[in-house]
Amino acid sequence: MTTASSSPSSSSGMVNPYEDEVQEAKRQDKFTETEIEILFLLTLFGTTVWVGAAWIFAM
């Protein structure tokens, strides 16, 4: 995925308070806290769907 070299937040006048965290995570090849939270919720939702599907199938 490619991004523009100029900061898009400066053109809109809004400042991203997590920009430093995102840049540090990209430099270290790690996930940001927000990405980890999203992955956790997706895992939780996916597990719930599988359990629900298994329960429906068993009925």
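As a starting point, this report considers the structure included with it. (Residues numbered from 1 in each chain as written. Predicted model: local features only at pLDDT ≥ 70, side-chain atom pairs only at ≥ 80, totals over all residues. Heavy atoms only, no water.)

1. Some thoughts on the overall build of the chain
A tally of regular secondary structure across the chain gives 3 helices and 0 strands. Reading the secondary structure of the chain in the N-to-C direction produces α-α-α. Among the 59 residues that make up the chain, the fraction classed as buried is 3%. By element, 67% of the accessible surface of the chain is carried by carbon and sulfur atoms, the whole surface being about 5,800 Å². (Helix = DSSP H or I, 4+ residues; strand = E, 2+ residues; numbered from the N terminus. Buried < 20%, exposed > 50% of the residue type's maximum accessible area, 1.4 Å probe, protein only. Areas by Shrake-Rupley, 256 points an atom, 1.4 Å probe, with all protein chains shown as cover.)

2. Describing unusual backbone geometry
Its identity is not glycine, yet aspartate 29 carries a phi of approximately 55 degrees, on the positive side. Mapped onto the elements of the fold, aspartate 29 is located in the loop between helix H2 (19-28) and helix H3 (33-58). Residue classification places aspartate 29 among the exposed positions, given a relative accessible area of 72%.

3. Some thoughts on the environment of glutamate 19
With respect to the helices and strands, the residue glutamate 19 is situated in helix H2. Engagement of the side chain of glutamate 19 in a polar contact is seen with the side chain of glutamine 23, the distance being 2.8 Å. (Polar contact = N/O pair within 3.5 Å; in protein donor to acceptor, adjacent residues only side chain to side chain.)

4. Overview of the environment of glutamine 28
Checked against the element boundaries, glutamine 28 lands in helix H2. Owing to a relative accessible area of 41%, glutamine 28 belongs among the partly exposed residues under this scheme. Within the structure, glutamine 28 has its side chain in polar contact with the side chain of lysine 30 (distance 3.3 Å).

5. Some points on H3
End to end, H3 covers 37 Å across 26 residues, agreeing with the expected 38 Å (1.5 Å per residue, within 8%). A small share of H3 lies buried, amounting to 0 of its 26 residues. (Expected span 1.5 Å × (residues − 1).)

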